[in-house]
Every structure is written in structure tokens, then in C-alpha cells.
2 protein chains.
Amino acid sequence: MAAARTIAETEGWSAVTVRRLAAAIGYSQPVLYQHFPRGRPEIIAAVARSGFAQLEELVAGADDPDALAQTARAYLAFAREHAGLYTAMFEMPSLNRFASAQTPPELRRGFDALVAVLGRGPGADTRAELFWSMLHGVAVLERDGRLPAAQREERIAEIARLFS
Amino acid sequence: MAAARTIAETEGWSAVTVRRLAAAIGYSQPVLYQHFPRGRPEIIAAVARSGFAQLEELVAGADDPDALAQTARAYLAFAREHAGLYTAMFEMPSLNRFASAQTPPELRRGFDALVAVLGRGPGADTRAELFWSMLHGVAVLERDGRLPAAQREERIAEIARLFS
DNA sequence: CAGACGAATCTAGCGTTGCTAGGCTGAGGG
DNA sequence: CCCTCAGCCTAGCAACGCTAGATTCGTCTG
């Protein structure tokens, strides 16, 4: 998993081949299929789950008065600094199931932390979902060069203003 | 391109192989490489460009008093009903360049239409970018089952409220 | 201590992928 | 009548995900 994460971060997920992983850890391919019977997709899903746990800590760590902006900043920094990991978590066809009994607890907790930042009241869940969607949209569009990198702080401020 | 779009829409982009496209149009593989020298990525990029044009018309068609909600609804419906196309446009490693001289004019026009919906004033560009990011985030998270489909209309209303 | 067992690992190979080198074919011009 | 050239095809390469079957080696039993 560490090898997969490293290769994905530096060369993208298409460079993460089973052969290459096997070589990286000094074993042959079939050994990987014993630890991950579903093969490559399962390896990717495992890496993604480890990312959810990491992201959750980050989001939950915002206790500032200006929690909204700080959460947004932390989320976007995470997506930018762990682009490969973020891709596996949110953009690749994943074995991880969401909104079901098999949903990894790491993800559920991450969303709960987001809800807490936005406060209670009617429609709080919808607002939290939209806050998350907003961050996700900005994260991927920024990464793909579809939003100008220069106005990054300005965007964060405007996001906080919209949701406050 | 039509064959690629059809296969992608029904079976996903992974089913769009050069061999299969060749068979679908009744030619051999090398013929495809003469029309699209960069191979499969160029075919996908071409399909994506055709999607930008289509999306632009859709977004520009909102002239209601409640333009925000209507634009959001139209955008999300497009993403939902042409999921394969939308993926090629915004989520696949693309040959299309953005924010540069080679940016396809279709995309630029689509964004301008979005700016128009949000009105002028200071920070209008940032607000338009965020509106687009919001829609994109909701589109992909809804599609992946990460947002409950039931509250779709509620989300649209809240988005319009946030940006009004 | 000999032999059987089972886990761990390997080699080798299947079918499919994107892509390309090189040859064939047939219409048009000198 | 032959040459050229555009258009197309067959055949093949390297790399992919994945798997069947053989091999090795420590441990446990008689």
C-alpha cells in the first residue's frame, strides 16, 4: 500500500501496475493477489480508506472561531498535497461502498465532522453536503487548472462567506 | 466519435477500446490512428469538446427570473443524463488545455454564460467559479451515490439561495 | 528420524490492451 | 503501360490484469 501510494503520488495511478508493485516490494505478482484477492481495485480501495482516516483528522482539527475558512483551507490543502490519494478516494471507480452498511466508518466520521463545523439547525445536513460538494468541486477543478491558482485565498474567503 | 459516445454512455469509458471502435465503424485499427494521430486520448478529447458545445447551449438557455435554480437544474440534469460524456469533459486526463491560448472556445463560452447568470459586480468571476465548482461537486458526488438522491430538489433550492 | 502436510512463493502463460511497421490494392496521371 | 500515392489491412510488439500449476521450506506426526 505504501508503494502504491508513492507511485500514484509521483507518476499517477496509471503507473501503479501490479507488476510494478510486486517489483517494488520484492515479491512476485501472485503474492499480491493473496493479500488482495480482488486484485488491483482492492489495493486502490485500501489506499483510499487510509486516506479517509487521514482526512477526517484534518477536518476535525478545526476549532478556530473562523472554523469554516480553516476547514476549507485544510481540505483543499489535503487534496492538493495528496493529489493521488485524493483521486483514489473520490474519483476512481471504487470497491468502497457509500451510504450503506458496508460504508467505511472513516468516511462517515469525516462527514460528521463537517456537519459539526456548519452548526445545527434545520437543513444542516443539506448545507453540510453542499459545503463538502463545494470543496470537492474546487479541489478537482483547481487541480486540473480549470480555476486560476492565484485567487485561492479569495475563493476560500468567499466560500466561508457563502456558508456563514 | 458517435460510436465512442454510445459505448461510453452504456458501458463506461473502459469499454471504449480502439479495437472495438474500429469494429463498430467497420474499419481496422490503423484507420483510427490516421484520423486521430494521438490515439485513444485524442478520440476522448474530441468527444469531450462536442460535449462542451452542448452544455454551453443548455446553460445559456436559462433566462427565467429564477435563473440560478434553473441553471443549476439544467447543469445537473446534463451531468446525470450524459454521465459518460460529462466524465470525459471534466474527469478524465484530457488533451484539452484550459486557461491557455489553446483552450477550446466552447468551454470559454460556457463559463461566460455562467458569469452572466450570476450578474456583474465585484468578485463576480470568483462567484461564478464557485457556482460552477458547486455544481460540479454535486454532480459527481450525486452520481457516485455519495449524496442522497432524494434531496435533489432541496439541494438545488439551497444552492440558489446561497448564490442569490 | 523419516515422511507427510500446508503455507508461501515462483515461473509461465492466457487473453486483452494501445499502438505501429510494413505490405497490399486500386484509381489517376504521364 | 507503368508509376505514384492514398487508403486500408494483416500481423505483431510490449505491457496490462490475472491465474494455473509446480516448487520450496518449515513444522508437525508416527
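About the cut-offs
- Residues numbered from 1 in each chain as written.
- Chains lettered and ligands numbered in written order.
- Predicted model: local features only at pLDDT ≥ 70, side-chain atom pairs only at ≥ 80, totals over all residues.
- Heavy atoms only, no water.
- Contact = heavy atoms within 4.5 Å.
- Buried area = accessible area lost by both parts, 1.4 Å probe.
- Salt bridge = Lys/Arg side-chain N within 4 Å of Asp/Glu carboxyl O.
- Polar contact = N/O pair within 3.5 Å; in protein donor to acceptor, adjacent residues only side chain to side chain.
- Helix = DSSP H or I, 4+ residues; strand = E, 2+ residues; numbered from the N terminus.
- Axes fitted to C-alpha atoms, helices over the stretch in contact; angles between N-to-C directions.
- Parallel < 35°, antiparallel > 145°, perpendicular 65-115°, else oblique.
- Nonpolar A, V, L, I, M, F, W, Y, C, P; charged D, E, K, R; others polar.

1. Describing the interface of chain B and chain A
Part 1: Opposite the 30 residues of chain B that make contact, chain A presents 30 residues.
Part 2: Regarding the contact of chain B and chain A, the summed buried area is about 2700 Å², with carbon and sulfur atoms giving 65% of it.
Part 3: Among the residues chain B hides against chain A, the three largest losses belong to Leu130, Arg146 and Leu162 of chain B. Together they make up 24% of the total.
Part 4: Residue arginine 155 of chain B pairs with glutamate 129 of chain A through a salt bridge whose shortest N-O separation is 3.2 Å.
Part 5: One can count 6 residue pairs in polar contact (both at pLDDT 80 or more) joining chain B with chain A.
Part 6: Those elements that place two or more of their residues in the side of chain B that touches chain A are α6 (83-90), α8 (124-143) and α9 (152-163) of chain B.
Part 7: Broken down by element, the residue count for the side of chain B that touches chain A peaks at 12 residues, all from α8 of chain B.

2. Concerning the packing of helix α8 (residues 124-143) of chain A against α9 of chain B
Part 1: The geometry of α8 of chain A relative to α9 of chain B is characterised by a closest axis approach of 10 Å and an angle of 70° between their N-to-C directions. Overall, the two elements α8 of chain A and α9 of chain B adopt an arrangement that is roughly perpendicular. When α8 of chain A is examined against α9 of chain B, the residues Thr126, Arg127, Glu129 and Leu130 of chain A are found in contact with a partner set consisting of Glu154, Arg155, Glu158, Ile159, Arg161 and Leu162 of chain B.
Part 2: Tallied by class, the residues present in the contact of α8 of chain A with α9 of chain B amount to 3 nonpolar, 1 polar and 6 charged.

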